Amino acid sequence: MFKRFPVLKEVLHLLFPMVLTMTLELSISVVDTIMLGHYSALHLAAVGLASSLWLPVGCFLIGVTFGITPLVTRHLHGRQPKLVNLYMSQAVGLSVGLGILASLLVVLVLPHLASMMATEDETRQVTVNYLYIFAPALPMLALMTAYKNLFEAAGRPGFPLFVASTGLVLNVLFNYVLIFGKFGFPELGAEGAALASSLSLYLAVTFFFVYDRFINKSPLFTRLVWRYTRKFNILLNVGAPAGLAFSFEVGLFSSMTWLISSFGDLALGGGQIIMSYTSFLFTPMMAMSAVTAIVVAKAMSKEGVEGVKKRIRVIVSLGFVYVSVCFTITQYFHNEIPYIFSNNAEVVALAASLLLISSCYQFPDMLQTIFTGALRGFRDTRSSMIAFGVSLFGLSMPFGYWLSHYSPWSETLSLRGFYIGLGAGLILLATILCFRFQVVLRRYEGKRITSPREVA
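Since we're looking at a predicted model, the values are computed, not measured.

Thresholds applied
Residues numbered from 1 in each chain as written. Predicted model: local features only at pLDDT ≥ 70, side-chain atom pairs only at ≥ 80, totals over all residues. Heavy atoms only, no water. Helix = DSSP H or I, 4+ residues; strand = E, 2+ residues; numbered from the N terminus. Expected span 1.5 Å × (residues − 1). Buried < 20%, exposed > 50% of the residue type's maximum accessible area, 1.4 Å probe, protein only. Axes fitted to C-alpha atoms, helices over the stretch in contact; angles between N-to-C directions. Parallel < 35°, antiparallel > 145°, perpendicular 65-115°, else oblique. Left-handed = near helix turned anticlockwise from the far one by under 90°. Contact = heavy atoms within 4.5 Å. Salt bridge = Lys/Arg side-chain N within 4 Å of Asp/Glu carboxyl O. Core = buried A, V, L, I, M, F, W, Y, C linked by side-chain atoms within 4.5 Å. Phe/Tyr/Trp six-rings, centres within 6.5 Å; stacked < 30°, edge-to-face > 60°. Patch = residues over 30% accessible without salt bridge, like charges linked within 9 Å, V, L, I, M, F, W, Y side chains within 5 Å. Areas by Shrake-Rupley, 256 points an atom, 1.4 Å probe, with all protein chains shown as cover. pLDDT = per-residue confidence, 0-100.

## Focus on helix 13 (residues 345–358)
Phase 1 of the analysis: Relative to the 20 Å expected for 14 residues at 1.5 Å per residue, helix 13 spans 20 Å between its end C-alpha atoms, a close match to the ideal helical length.
Phase 2 of the analysis: By the criterion of burial, helix 13 is predominantly enclosed, with ten of the 14 residues buried.

Written out as structure tokens, the structure reads:
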């Protein structure tokens, strides 16, 4: 079959290991949620609140490094591998510089917001402690993502998969020991989960560096060019809009968590279950977005627009099959799924009703994710940033707030209105990005993005 459909083989060669890698990375958060859900409902709520505060900041750091993918892909296939050092040097400078600023923001500003949002004193204190412990690991989050993007753009997704697998195993072990206080260690609860996640990030960066520098027979990042650690405008021009777009999407979920906090800490726990579960299902779609960016950049350097169209059709078809399966499973088992994360009856009942709604917006979410990756392959990240801002904060937030508080159905819908608003915003977002992609395709009709132009 692969001989008859070479494009499908190309896509799946990248997609399978990247899906596994991202699933394993996200499983770290799911493991935190499951263990804390069985430890304490208040600690689960605290982690949900803390995550809603730091995730937009962390996702901006991750998104900034997205610019590596199209740049590295074109230069490697254009036989200019030495330019990879320049982009990775910029990524190191950006990761460390922005990571330190992000850590200061998390330590100095976010605890005050957490204190205003939590309704229970214990939840408030645990949230603040979680932020203090996790903040220093934010530069490592950006560096790990930069290394992962580098290996995947080079068509070598195997080692990121190894790092993610090892990180998950270590995180499970660290969580078990530190959350519940095993083997003579103190019982730390949510604070132990923060420490475990931090240790996992530091070890992941160490694995990437040691492997590429001392073990890899064909190293990718061979030399740090110091002056480019301060001159990162090329990467920032592509990555900053992508980072803001990613932050907008995650920020919407975080904003919903802040608004949900007014319904009580048990509602926060239910919202955290929805975020963990939907994020887990969203992981393969994120991998599809990354694969789309890679194959689009590669196709434009070799085949042009027709090659791009072939690959988009394959990826959208795979995405539709995937979300159809997820929708069916979620609808059928919506009452059972929340018990994986918590044994609190009230939290489980609330989460079950929200799952029925969240499963419906996976279809537009799949489309917007794939076309965001496609536009990133063309280095068009500003339009995605604007589309995310308009759709999610211009429609999702106000519409969801109106449904939950002021609509004729507000008493019945309660916080469910926020998730209905989210679905409406994602439909608008997918529509805008599909239209923008068609405009970009017409602009590049009959052209190729070649490596000499990139150098210029």
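Moving on from the coordinates now.
## Quick word on the packing of helix 5 (residues 110–117) against helix 6 (residues 121–134)
Phase 1 of the analysis: Where helix 5 contacts helix 6, the axes come no closer than 9 Å and their chain directions differ by 160°. With respect to helix 6, the element helix 5 is oriented roughly antiparallel. The chirality of how helix 5 crosses helix 6 is right-handed. Side by side, helix 5 and helix 6 meet where Leu-110, Pro-111, Ala-114 and Ser-115 of the first sit next to Arg-124, Thr-127, Val-128, Leu-131 and Tyr-132 of the second.

## Some remarks on the pattern of salt bridges
Two side chains of opposite charge can pair, provided their charged atoms sit close to one another.
Phase 1 of the analysis: Inspection of every chain in the model, using the stated rule, returns two salt bridges.
Phase 2 of the analysis: One salt bridge connects Glu-306 with Lys-309, and the closest N-O pair in it is separated by 3.8 Å. Residue Glu-306 and its partner Lys-309 are located together in helix 12 (residues 305–332), separated by three residues, close to a single helical turn.
Phase 3 of the analysis: We classify Glu-306 as partly exposed; its relative accessible area is 44%.
Phase 4 of the analysis: For Lys-309, a relative accessible area of 26% corresponds to the partly exposed category.
Phase 5 of the analysis: A salt bridge links Asp-380 to Arg-436; the shortest N-O distance between them is 2.9 Å. Of this pair, Asp-380 sits in the loop between helix 14 (362–377) and helix 15 (382–405) while Arg-436 sits in helix 17 (residues 416–443), and the two are 56 residues apart along the sequence.

## Considering the nonpolar core
Phase 1 of the analysis: In this structure, Trp-54, Met-88, Tyr-130, Leu-131, Leu-138 and Val-291 are the most contacted members of the largest nonpolar core, which totals 90 residues.
Phase 2 of the analysis: The biggest single contributor to this core is helix 1 (residues 6–37), with 13 residues.
Phase 3 of the analysis: Residues within four places of Met-88 in sequence aside, it is in contact with Ile-68, Ala-146, Tyr-147, Leu-150 and Phe-221.
Phase 4 of the analysis: Counting 41 residues, the second largest nonpolar core, distinct from the first, contains Val-305, Ile-312, Leu-354 and Phe-371.

## Digging into the side chain of Ser-89
Phase 1 of the analysis: Position of Ser-89 relative to the elements: it lies in helix 4 (residues 83–108).
Phase 2 of the analysis: The buried category is assigned to Ser-89, whose relative accessible area is 0%.

## Points about the environment of Leu-354
Phase 1 of the analysis: Note that Leu-354 resides in helix 13.
Phase 2 of the analysis: Judged by relative accessible area, Leu-354 falls into the buried class, the value being 0%.
Phase 3 of the analysis: Sequence-distant contacts of Leu-354, that is, excluding residues within four places in its chain, are made with Ile-274, Leu-415, Arg-416 and Tyr-419.

## Describing the packing of aromatic side chains
Aromatic ring pairs are defined here through the distance separating the ring centres and the angle between the ring planes.
Phase 1 of the analysis: This structure, assessed with the given rule, holds 21 aromatic pairs.
Phase 2 of the analysis: Considering the side-chain rings of Phe-159 and Phe-208, the 5.5 Å spacing of their centres and the 75° angle between planes classify their relative orientation as edge-to-face. Taken together, the residues span a long stretch of sequence, with Phe-159 in helix 8 (residues 158–180) and Phe-208 in helix 9 (residues 190–215) at a distance of 49 residues.
Phase 3 of the analysis: Exposure remark for Phe-159: the relative accessible area of 13% places this residue in the buried category.
Phase 4 of the analysis: Here the aromatic cluster, defined as three or more aromatic residues joined through ring pairs, consists of Tyr-147, Phe-151, Phe-159, Phe-162, Phe-208, Tyr-211 and Phe-221.

## Digging into the environment of Ala-351
Phase 1 of the analysis: Along the chain, Ala-351 falls in helix 13.
Phase 2 of the analysis: On the basis of relative accessible area, Ala-351 is assigned to the buried category, the value being 0%.
Phase 3 of the analysis: Measuring from C-alpha to C-alpha, the distance between Ala-351 and Asn-335 comes to 8.4 Å, with 16 residues separating the pair along the chain.
Phase 4 of the analysis: Sequence-distant contacts of Ala-351, defined by excluding residues within four places in its chain, comprise Gly-270, Ile-273, Ile-274 and Pro-338.

## Observations concerning a nonpolar patch on the surface
Phase 1 of the analysis: A surface patch of nonpolar side chains, amounting to about 600 Å² of accessible area, comprises Val-96, Ile-100, Leu-101, Leu-104, Leu-105, Leu-108 and Val-109.
Phase 2 of the analysis: Locating Leu-108 in the fold gives a position in helix 4.
Phase 3 of the analysis: Note on Leu-108: relative accessible area 56%, which makes it exposed.

## A look at the confidence of the model for the chain
Phase 1 of the analysis: Summary statistics for the chain give a mean pLDDT of 80 and a share of 88% for residues scoring 70 or more.
Phase 2 of the analysis: Confidence over residues 450–456 falls short of pLDDT 50; this stretch has twelve contacts with residues more than four positions distant or in other chains.

## Some points on the environment of Asn-237
Phase 1 of the analysis: Position of Asn-237 relative to the elements: it lies in helix 10 (residues 233–260).
Phase 2 of the analysis: For the pair formed by Asn-237 and Arg-379, sequence separation is 142 residues and the distance between their alpha carbons is 9.2 Å.
Phase 3 of the analysis: Setting aside residues no more than four positions away along its own chain, Asn-237 makes contact with Thr-381 and Arg-382.

## Details of helix 14
Phase 1 of the analysis: A rise of 1.5 Å per residue sets the reference length of helix 14, with its 16 residues, at 22 Å; its end C-alpha atoms lie 23 Å apart and thus fit the reference within 8%.
Phase 2 of the analysis: The buried count for helix 14 comes to 14 of 16 residues, which makes it a mostly enclosed element.
Phase 3 of the analysis: Directly after helix 14, the chain includes Arg-379, whose backbone phi takes a positive value near 65°.

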